[in-house]
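For reference, the chains in residue letters:
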Amino acid sequence: MITLNIEKTLDFISKDAVMAYEHQAKAAREALENGTGKGSDFLGWLHLPSSLAKEFLTDIKATAQILRENCEVVIVAGIGGSYLGARAVIEALSNSFSWLHNTKKDPVMIYAGHNISEDYLFELTSFLKDKKFGVINISKSGTTTETALAFRLLKKQCEDQRGKEMAQKVIVAITDAKKGAARISADQKGYRSYIIPDNVGGRFSVLTPVGLLPIAIAGYDIEKLVEGATAMEKACGVDVPFGKNLAAIYAATRNELYKNGKKIEILVNYIPKLHYVSEWWKQLYGESEGKENKGIFPAAVDFSTDLHSMGQWIQEGERTIYETVISVENTNHKLTVPSDEANLDGLNFLAGKRVDEVNKMAELGTQLAHVDGGVPNIRITIEKLDEYNIGELLYFFEVGCGISGYILGVNPFDQPGVEAYKKNMFALLNKPGYEEESKAIQARL
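Bear in mind that the values here come from a model prediction, so they are computed numbers and not experimental data.

Notes on the sheet that holds strand S5 (residues 171-175)
Move 1: If you trace the five strands from one edge of the open sheet to the other, you get S3-S2-S4-S5-S6, paired in parallel fashion. The sheet terminates laterally at strand S3 (108-112) and strand S6 (192-195), the two strands that pair on one side only. Between one strand axis and the next, the sheet turns through 20° on average, direction left out of account.
Move 2: The sheet contact formed by S5 and S6 spans four bridges and is parallel. The residue of S6 that forms the bridge with Thr 175 is Ile 195.
Move 3: Across the sheet, helix H6 (residues 118-127) is in contact with strand S2 (73-77) and S3; its angle to S3 comes to roughly 150°.

Structure representation (structure tokens):
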């Protein structure tokens, strides 16, 4: 089970102040449980881990096997929550250099539909020209511009390259049950398809087929992932006392820090494989809490790399920040520092030590320096990078987000502000139906 340590925040806020959130946190957790809070029609994620049937996971794995057997490359086409959860898990568990030496012969996982870069899409389609590839099209509506554009290109290339019969086999749609362009396309083309539940928003969808299918295709154990999330679901349940509920304590601590002028939360890792966990977390908390001119700004850094770029600002910049550090207790591999006779780099004092020990001391030394510099630190420790522990971590952040949003007083499950750029973009591109908006924008330009 992951652990949470808030001791390094208590020079800045009091433990009594955190514990005073007990009533608010309990009310927020009960509102999630009973569906009495804002956005209650999007609470399908809350008991998702414990409700996933073995037969459902078996079916996901069977589909994954079809793509594993028929594809060298699989493209996950989606944006935001439609790809970040899967990418977070896959990259956390993957060999950092597996794309260079694919010894396990797992399909190479590539991501598209999350930008509108012509160079990116040209280079992707060029790379795929001699590859046996498949596509997972993840979109509830099928009309999200970034994803729909990428899928249009990839679908045509797959059909042209592999033939329509094979394309039908290696293109999978994850979309709405009944409506939308992606659903119509899947039904017409005969693609295997999975449903994005109506009551699960994209940023909470990693334990639906949205995340589970790509993760299974990449060769990872989705049953262990779900098992870890289920354990955390129980550990953060509505009947767990506030003082033992890690997600509630996390939510309370961050809200108390926010109340005391800490407006920016920086998620820190010391293992680069966690980079996309941070990207997933940024969307989860940014899209959930950034409303009504409120909300902690979610940022992220990869240490010790970013200590040589962002470290100065964090140490001595404006004191509006705090850090939440994800610490991994055990590495999956062992490597010791060798002795060097010349010792020109002066590192012989490290000879015989594990590289991870050096990393851990960098972690501890940084925490002490930043706390001394006025930066509160929360520490989340996970045992190791495997499916079970990642499942725990993701669910911890999800339920913590729901509680935190309710304490803040916003609806954590909508995202009305995301539509603003889309309306302007459609108007500028003269999309049918946006004529008046187009005239208004042209007048402004």
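Looking at a nonpolar patch on the surface
Move 1: Taken together, the side chains of Phe 97, Trp 99 and Leu 100 define a hydrophobic patch exposed on the protein surface, amounting to about 410 Å² of accessible area.
Move 2: With respect to the helices, strands and loops of the structure, Trp 99 is situated in the loop between helix H5 (84-93) and S3.
Move 3: Overall, the relative accessible area of 61% leaves Trp 99 in the exposed class.

Things to note about the nonpolar core
Move 1: Ranked by internal contacts, the top residues of the largest apolar core, which has 117 residues, are Trp 45, Phe 396, Phe 397 and Ile 403.
Move 2: Among the elements that make up this core, the one with the highest residue count is helix H16 (residues 387-408) (twelve residues).
Move 3: Setting aside its immediate chain neighbours within four residues, Phe 397 contacts Tyr 250, Leu 267, Trp 280, Trp 281, Leu 284, Tyr 285, Ile 326 and Ile 380.
Move 4: In terms of nonpolar packing, the next biggest core, distinct from the first, is built from ten residues, Ile 266, Val 301, Phe 303 and Val 325 among them.

Conventions we followed
Residues numbered from 1 in each chain as written. Predicted model: local features only at pLDDT ≥ 70, side-chain atom pairs only at ≥ 80, totals over all residues. Heavy atoms only, no water. Pairing = 2+ DSSP bridges. Helix = DSSP H or I, 4+ residues; strand = E, 2+ residues; numbered from the N terminus. Axes fitted to C-alpha atoms, helices over the stretch in contact; angles between N-to-C directions. Contact = heavy atoms within 4.5 Å. Patch = residues over 30% accessible without salt bridge, like charges linked within 9 Å, V, L, I, M, F, W, Y side chains within 5 Å. Areas by Shrake-Rupley, 256 points an atom, 1.4 Å probe, with all protein chains shown as cover. Salt bridge = Lys/Arg side-chain N within 4 Å of Asp/Glu carboxyl O. Buried < 20%, exposed > 50% of the residue type's maximum accessible area, 1.4 Å probe, protein only. Core = buried A, V, L, I, M, F, W, Y, C linked by side-chain atoms within 4.5 Å.

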